[in-house]
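Tertiary structure, described
Residue-level listing of the chains:
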Amino acid sequence: MIQGRENLVSQTQWQLNELMPMSDAEYALWLSLLEERTGITLPELRKSFLLSKLSIRMQELGINQYKSYFAYVTHGKAGRVEWETLVDRLTVHETRFFRDTQALSFIKQAYLEKLSLDNNNSNIHIWSVGCATGEEPFSLMMYIDKYITDKNEKCYLSVTASDISHDALAVGKKARYHKNRFTNVPVDYMDHYLEDADDDHYLVNDSLRKRICFNRLNLLELQKSSVGKMDIIICQNVLIYFKRETRLAILNQLVKHLVPGGLLILGAGEITGWNNPDMNSMKHDGVLAFQYNPAATEDMQKQRYDA
Ligand SMILES: C[S@@+](CC[C@H](N)C(=O)[O-])C[C@H]1O[C@@H](n2cnc3c(N)ncnc32)[C@H](O)[C@@H]1O
């Protein structure tokens, strides 16, 4: 056992030692390409991550110099196609079903429990931004659909799930996951929303699958997006990869996709000191959330005008 582990460590070190070195100037070029096209910044410590991902891909293509691969990725139609593959390799898709149960209970308290008071609300539109392989949007759907069904609310739920990575989205579209991915999911949700695909996998059932739309969307291109107005936008564990100015620009764009009263839910600690005059910060344990309240700005403008 110990012998095996030592072998594994020395094999990994051997592979890392085998990585071709990259000069600081060349590393800076790759970083600025990545940031310019995706917003993602890699701290210095992640140089080994970049080198290993590039090396694996270059090996697959039979390219043996970073310089040649850089030229390949940045030129012509083939370069654009190759870039999509590289982005899939360089983005972190770590996610889980029912990852943030505090955010779910916040949605229940701040939104779902108010539904029956609001007779006009017959549709709930949700957007999972940076949805990775789909566990986040499917968790939201299970949680909200079960609430609506149990309370006999007359609402139609639809979910938009977007990400920059084609590979991640393809997993979500299949909606087929290994059974060990569901350890966090309460049994009554599993009974309601999952079917056996085979001995090892579950398939999310058709009733949820037909109400979710997976879309490729780069957060740096939000201005061009055709996504409509949402009741709830959830963007968790995504902004952490961007620098502060980029985070703020993305948040201010997301606000434009909320209906009045709509909620924007972020990962705890994902932004500090964001002051958008149309957004009210909301308090709930372990949750960073804001409500779109454009009336507050209109009132202030009116007061200034009247004064
Ligand atoms: C760590 S996952 C978060 C998944 C999920 N939101 C969660 O909290 O479990 C981050 C996701 O952000 C996506 N991402 C990174 N940069 C992006 C960009 N510029 N536009 C859209 N998605 C991006 C990645 O592809 C990845 O799937």
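Residues numbered from 1 in each chain as written. Predicted model: local features only at pLDDT ≥ 70, side-chain atom pairs only at ≥ 80, totals over all residues. Heavy atoms only, no water.

**Re the pattern of salt bridges**
When charged atoms on two side chains of opposite charge get close, those side chains can pair. In total, this model carries 13 salt bridges according to the counting rule given. Notably, a salt bridge pairs Asp198 with Arg176, separated by 2.7 Å at the nearest N-O pair. You can see Asp198 sitting in the loop between strand S4 (194-196) and strand S5 (201-204) and its partner Arg176 sitting in strand S3 (residues 176-178), a full 22 residues away along the chain. Overall, the relative accessible area of 38% leaves Arg176 in the partly exposed class. Members of the salt-bridge network, linked through shared partners, are Arg57, Glu60, Glu82 and Arg89. (Salt bridge = Lys/Arg side-chain N within 4 Å of Asp/Glu carboxyl O. Helix = DSSP H or I, 4+ residues; strand = E, 2+ residues; numbered from the N terminus. Buried < 20%, exposed > 50% of the residue type's maximum accessible area, 1.4 Å probe, protein only.)

**With respect to the pairing of S5**
Pairing between S3 and S5: 3 bridges, direction antiparallel. Pairing of His178 across the sheet is with His201, part of S5. Here S4 pairs with S5 via 3 bridges, running antiparallel. Across the sheet, residue Leu194 finds its bridge partner in S5, namely Val204. The antiparallel hairpin formed by S4 and S5 contains 4 residues in its connecting segment. (Pairing = 2+ DSSP bridges.)

**Some points on the packing of aromatic side chains**
How two aromatic rings sit relative to each other is given by the distance of their centres and the angle of their planes. Here the structure, examined in full by the defined rule, presents 12 aromatic pairs. Taking 6.3 Å as the distance between ring centres and 15 degrees as the angle between the ring planes, the aromatic pair formed by Tyr143 and Tyr189 counts as stacked. Here Tyr189 lies in helix H9 (residues 187-193) and Tyr143 lies in helix H7 (residues 135-151), a separation of 46 residues in the sequence. In terms of burial, Tyr143 and Tyr189 fall into one category: buried. Connected via pairs of aromatic rings, a cluster forms that spans Phe97, Phe138, Tyr177, Phe182, Tyr202 and Phe214. The ring of Phe49 carries the charged tip of Arg46 above its face, separated from the ring centre by 4.3 Å. The ring of Tyr189 has Lys146 lying over it, and the distance from NZ or CZ to the ring centre is 5.9 Å. (Phe/Tyr/Trp six-rings, centres within 6.5 Å; stacked < 30°, edge-to-face > 60°. Lys NZ or Arg CZ within 6 Å of the ring centre and 35° of its normal.)

**A few points about the sheet that holds S5**
As a general point, the strands of a sheet are linked pairwise by backbone hydrogen bonds and lie either parallel or antiparallel. On the basis of which strands lie adjacent, the open sheet formed by 3 strands has the order S3-S5-S4 and antiparallel pairing. Looking at which strands have only one partner, the edges of the open sheet turn out to be S3 and S4. Across the sheet, the mean angle from the axis of one strand to that of its neighbour is 35 degrees, orientation sign disregarded. (Axes fitted to C-alpha atoms, helices over the stretch in contact; angles between N-to-C directions.)

**What to know about the nonpolar core**
Ranked by internal contacts, the top residues of the largest apolar core, which has 48 residues, are Trp30, Leu54, Trp127, Leu254, Leu264 and Leu266. In terms of residue count, the dominant contributor to this core is helix H3 (residues 47-61) (5 residues). Residue-level mapping places this core at the junction of two domains, with at least three residues from each of domain 1 (2-90) and domain 2 (101-298). With sequence-adjacent residues up to four places away left out, Leu54 is seen in contact with Met22, Trp30, Tyr66, Tyr69 and Leu86. Of all hydrophobic cores here, the second largest spans 45 residues; its members include Phe98, Phe106, Val185 and Ile232. (Core = buried A, V, L, I, M, F, W, Y, C linked by side-chain atoms within 4.5 Å. Domains from an automatic or database assignment. Contact = heavy atoms within 4.5 Å.)

**A few points about the sheet that holds strand S8 (residues 258-266)**
What the 7 strands build is an open sheet, ordered S6-S2-S1-S7-S8-S10-S9; its pairing is mixed. Both edges of this open sheet fall to strand S6 (212-216) and strand S9 (279-282), since each of them pairs with a single strand only. Between one strand axis and the next, the sheet turns by 20 degrees as a mean value, whatever way the strands run. Examined bridge by bridge, strand S1 (residues 123-129) and strand S2 (residues 156-163) share 7 bridges and lie parallel to one another. Across the sheet, residue Val129 finds its bridge partner in S2, namely Ser162. Most of the contacts of helix H6 (residues 101-110) go to S8, to which it runs at about 160 degrees, and overall it touches strand S7 (230-235), S8, S9 and strand S10 (288-292). Along the sheet, helix H8 (residues 166-174) contacts S2 and S6; its crossing angle with S6, the most-contacted strand, is approximately 170 degrees.

**Here we look at the site of the ligand**
Around the ligand lies a shell of 22 residues, among which Thr38, Thr95, Arg99, Asp163 and Asn237 are the nearest. Thr95 places a side-chain nitrogen or oxygen 2.6 Å from an oxygen atom of the ligand. Note that a nitrogen atom of the ligand is positioned 2.9 Å from one of the backbone N or O atoms of Gln236. (Near = heavy atom within 4 Å. Polar contact = N/O pair within 3.5 Å; in protein donor to acceptor, adjacent residues only side chain to side chain.)

**Let's talk about the packing of helix H2 (residues 24-38) against helix H4 (residues 66-73)**
Between H2 and H4, the shortest axis-to-axis distance is 11 Å and the interhelical angle comes to 25 degrees. It follows from the interaxial angle that H2 and H4 lie roughly parallel. When the axes of H2 and H4 are compared, the crossing they make is left-handed. Of the residues in H4, those touching H2 at Glu26, Leu29, Trp30, Leu33 and Arg37 are Tyr66, Lys67, Tyr69, Phe70 and Val73. Here the residues of the contact of H2 with H4 sort into 7 nonpolar, no polar and 3 charged. (Parallel < 35°, antiparallel > 145°, perpendicular 65-115°, else oblique. Left-handed = near helix turned anticlockwise from the far one by under 90°. Nonpolar A, V, L, I, M, F, W, Y, C, P; charged D, E, K, R; others polar.)

Without other data, these values stay purely geometric and don't point to any function.
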